[in-house]
Amino acid sequence: MTSEEFNAWADKYNLSIEQAAKVLGTSRANGFKYANGSRPVSKAVAYGAEAIDLLAQKESLKLIQKRLA
């Protein structure tokens, strides 16, 4: 996953970078580093994003809301 893909994923779910990082189980700092390209997106984070994308839209939104709570 590239930084552009990370940002597009966050945009797809209307998440800030900080929220996307929380949903994907990484730190706020790493989220911003992934977003600006100063650090490669970890495989675990990329796989997490892919797994959420595989869920039905209703289920993915439910999971995202749960992780943001």
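Please read these numbers as outputs of a predicted model, since none were measured by experiment.

Student: Could you clarify how one ought to interpret the overall build of the protein chain in this entry?
Tutor: The number of helices and strands found in the protein chain is 5 helices and 0 strands. Written out in order from the N terminus, the α and β elements of the protein chain read α-α-α-α-α. Once the C-alpha set of the protein chain is aligned to its principal axes, its extents read approximately 35 × 20 × 20 Å. Counting every position in the protein chain, which comprises 69 residues, the buried fraction comes to 33%. Looking at the protein chain alone, contacts between residues at least 24 apart form 51% of all its contacts between residues at least 6 apart. Summing over all exposed atoms, the protein chain offers an accessible surface of approximately 4500 Å²; the carbon and sulfur share of this is 52%. On the protein chain, the mean spot of the 10 positive side-chain charges and the mean spot of the 7 negative ones are 9 Å from each other.

Student: Can you walk me through the environment of Phe6 in this structure?
Tutor: With respect to the helices, strands and loops of the structure, Phe6 is situated in helix H1 (residues 3-12). For the pair Phe6 and Tyr34, spaced 28 residues apart in the sequence, the C-alpha separation amounts to 7.0 Å. In this structure Phe6 touches Met1, Ile17, Ala20, Leu24, Gly31, Tyr34, Ala35, Val41 and Val45, once residues within four positions along its chain are discounted.

Student: Got a minute to help me understand the pattern of salt bridges in this structure?
Tutor: Think of it this way: side chains of opposite charge can pair up when their charged atoms draw near. Going through the model one piece at a time under the given rule, you end up with 2 salt bridges. Note that Lys12 is salt-bridged to Asp53, the shortest N-O span being 3.3 Å. Taken together, the residues Lys12 in helix H1 and Asp53 in helix H4 (residues 43-54) connect sequence positions 41 residues apart. For Lys12, a relative accessible area of 52% gives the class exposed.

Student: I would appreciate a short explanation of H1 in the present structure.
Tutor: What H1 keeps buried is the set Ser3, Phe6, Trp9 and Ala10. Seen end-on, H1 carries its buried residues on one side only, within an arc spanning 120°. Exposed residues lying more than 90 degrees from the buried face of H1 are Glu4, Asp11 and Lys12. The inward-facing, buried residues of H1 abut helix H2 (17-23), helix H3 (28-36) and H4. Asn14, located one to two residues past H1, shows a positive phi value of around 55°.

Basis of the calculations
- Once a new chain begins, its residue numbering starts again from 1 and follows that chain's sequence as written.
- Thresholds applied to this predicted model are a pLDDT of at least 70 for local features of residues and 80 or more for the giving and counting of side-chain atom pairs; totals over whole chains, interfaces and linings are not thresholded and use all residues.
- In computing side-chain values, all of the structure's heavy atoms are included and hydrogens and water are not.
- Working definition: helices are DSSP H or I runs of at least four residues, strands are E runs of at least two. Numbering for both runs from the N terminus.
- Only protein chains enter the accessibility calculation, which uses a 1.4 Å probe; a residue is then buried when its area is under 20% of its type maximum, exposed when over 50%, and partly exposed in between.
- Residue contacts follow a heavy-atom distance rule, with two residues in contact if any of their heavy atoms lie within 4.5 Å.
- Note on areas: Shrake-Rupley with a 1.4 Å probe; residue coverage comes only from the protein chains shown.
- Charged residues are defined narrowly, with Lys and Arg counted positive, Asp and Glu counted negative, and His plus the chain ends left uncounted.
- To locate a charge, take NZ of a lysine, CZ of an arginine, CG of an aspartate or CD of a glutamate.
- Put simply, a salt bridge is a Lys or Arg side-chain nitrogen that is within 4 Å of an Asp or Glu carboxyl oxygen.
- Relevant arc is that of directions from the helix axis to the C-beta atoms, nothing else.

The analysis is restricted to geometry; functional conclusions fall outside its scope.
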